[in-house]
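# Structure assessment
Chain residues, written in single-letter form:
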Amino acid sequence: MSDVSCGGSNCLVVRADADPSIGIGHAMRCLALAQAWQDAGGSAVFIMSTVGAALEARLRSEKMQVLRLPTPPGTDDDAVQTDGLARQLRADVLVLDGYDFGSDYQRIVKDSSQCLMIIDDVGHGDHYYADIVLNQNLHANEGLYLNKAPYTRLLLGTEYVLLRREFLSWRRRDRQNPETARTMLVTLGGGDTDTLTGKIVGALRALKDLEAVVVVGDGNSNLRKLQRSLQTAGSTIRIERNVTNMADLMDWAHMAVSAGGSTCWELAFMGLPNVVLALTEDQRMVAESLESEGAAWNLGWHSSVSELDLAAAISKLMHDEMRRRKMSKLGRKLVDGRGAARVVVALRREIL
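As a starting point, this report considers the structure included with it. All of these numbers come straight from a predicted model, not from anything done at the bench. (Residues numbered from 1 in each chain as written. Predicted model: local features only at pLDDT ≥ 70, side-chain atom pairs only at ≥ 80, totals over all residues. Heavy atoms only, no water.)

### Side note on the pattern of salt bridges
Scanning the entire structure with this criterion turns up 20 salt bridges. Here Asp-78 ties to Arg-15 by a salt bridge, and the two come within 3.1 Å at their closest N and O atoms. On the criterion of sequence distance, the pair formed by Asp-78 in helix H3 (residues 76-89) and Arg-15 in strand E1 (residues 11-16) is long-range, its members being 63 residues apart. The burial state of Asp-78 is the same as that of Arg-15; both residues are buried. Note that Arg-87 and Asp-83 form a salt bridge whose closest N and O atoms lie 3.0 Å from each other. One end of the pair is Arg-87 and the other is Asp-83, both in helix H3 and 4 residues apart, which spans about a single turn. Residue Asp-83 is classed as buried on the basis of its relative accessible area of 12%. Salt bridges linked by common partners bring Asp-39, Arg-58, Glu-62, Arg-164, Arg-165, Glu-166 and Glu-266 together as one network. (Salt bridge = Lys/Arg side-chain N within 4 Å of Asp/Glu carboxyl O. Helix = DSSP H or I, 4+ residues; strand = E, 2+ residues; numbered from the N terminus. Buried < 20%, exposed > 50% of the residue type's maximum accessible area, 1.4 Å probe, protein only.)

Put into structure tokens, the structure is as follows:
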């Protein structure tokens, strides 16, 4: 990697956790930030230990470099190598996104660039050395980051939600909520915890007059089993893999079932009524906060929800036009689509 370069001035370097089974959401919100950085005249490089072929192709199609590190994310060796690459690239900003980039890691890489930002969902660090900590969730609060450097600036809340370019053209669109929902989007992220996708598909097959698209990623180890289960004649459920038109699918759907990851903020922006399930502890916080705002229906921890529970909840929301209208309105109120641009402004202030 001795000849790496950023390909221009104003270099944003992203070190993202991109394990196909757990990290796609991290990578995709970093893509949104990198796109906004490009739109402001900069260039972007992603450093990854693990990256699926589809994600790497997507990043390269966006004119972003992808560099691979052979070391596991979060180790001291990883931090030293990332530090070296950031120096070679003459990074103006280094962004960390993933659960493995703790206090020691931040301390090691802090001097690699003029500005270090960490994207954090739960306040997992013992101490924060970053110049900026970004938490785009409703549950974000200063109490999560009491142990931080005196210079650390916090960007907290849904005004900083990172949305990719594909969503921004829908900013002024008004969603129409029919009396009965007939189309559904299912999106659970890159993986498939405890075959949850299959459980949801089973629930959908018990319902009538409902067309569904199930989006899966590289990390779904049950894809072939799902495809076989849907090969029966007349199935109104189809599987889409590694989609690049998520905004179009959200516009097509009348409602959704999702995990409690960053996709929830995309759904909120699109005004798509949503039944949400928690697959991780931080997703539990997202799901609970969304329901408290009336912007989603939280069914709780994924393994505690049966196929019958899912079918009942989906059917109820299908036929509750007023609740879906309320969810749409409140979701659009939470996320205005300008978050990535606001973060870029904050970063540029740091490097001036």
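Next, the rest of the story.
### A word on the layout of surface pockets
Considering only enclosed or pocket space, the second largest pocket measures out at about 170 Å³ in volume. Forming the boundary of the second largest pocket are 14 residues, of which Ala-36, Asp-39, Leu-168, Ala-340 and Ala-341 lie nearest the centre. Elements with a contribution of two residues or more to the lining of the second largest pocket: helix H1 (24-39), helix H5 (165-168) and helix H13 (339-351). Here the lining of the second largest pocket gets 4 residues from one element, more than from any other, and that element is H1. Across the lining of the second largest pocket, the residue classes tally to 8 nonpolar, 2 polar and 4 charged. (1 Å grid on protein atoms, 1.4 Å probe; cavity = no way out; pocket = protein on both sides within 12 Å on 5 of 7 lines; lining within 4 Å. Points joined across faces, edges and corners; volume = space filled by probe spheres on them. Nonpolar A, V, L, I, M, F, W, Y, C, P; charged D, E, K, R; others polar.)

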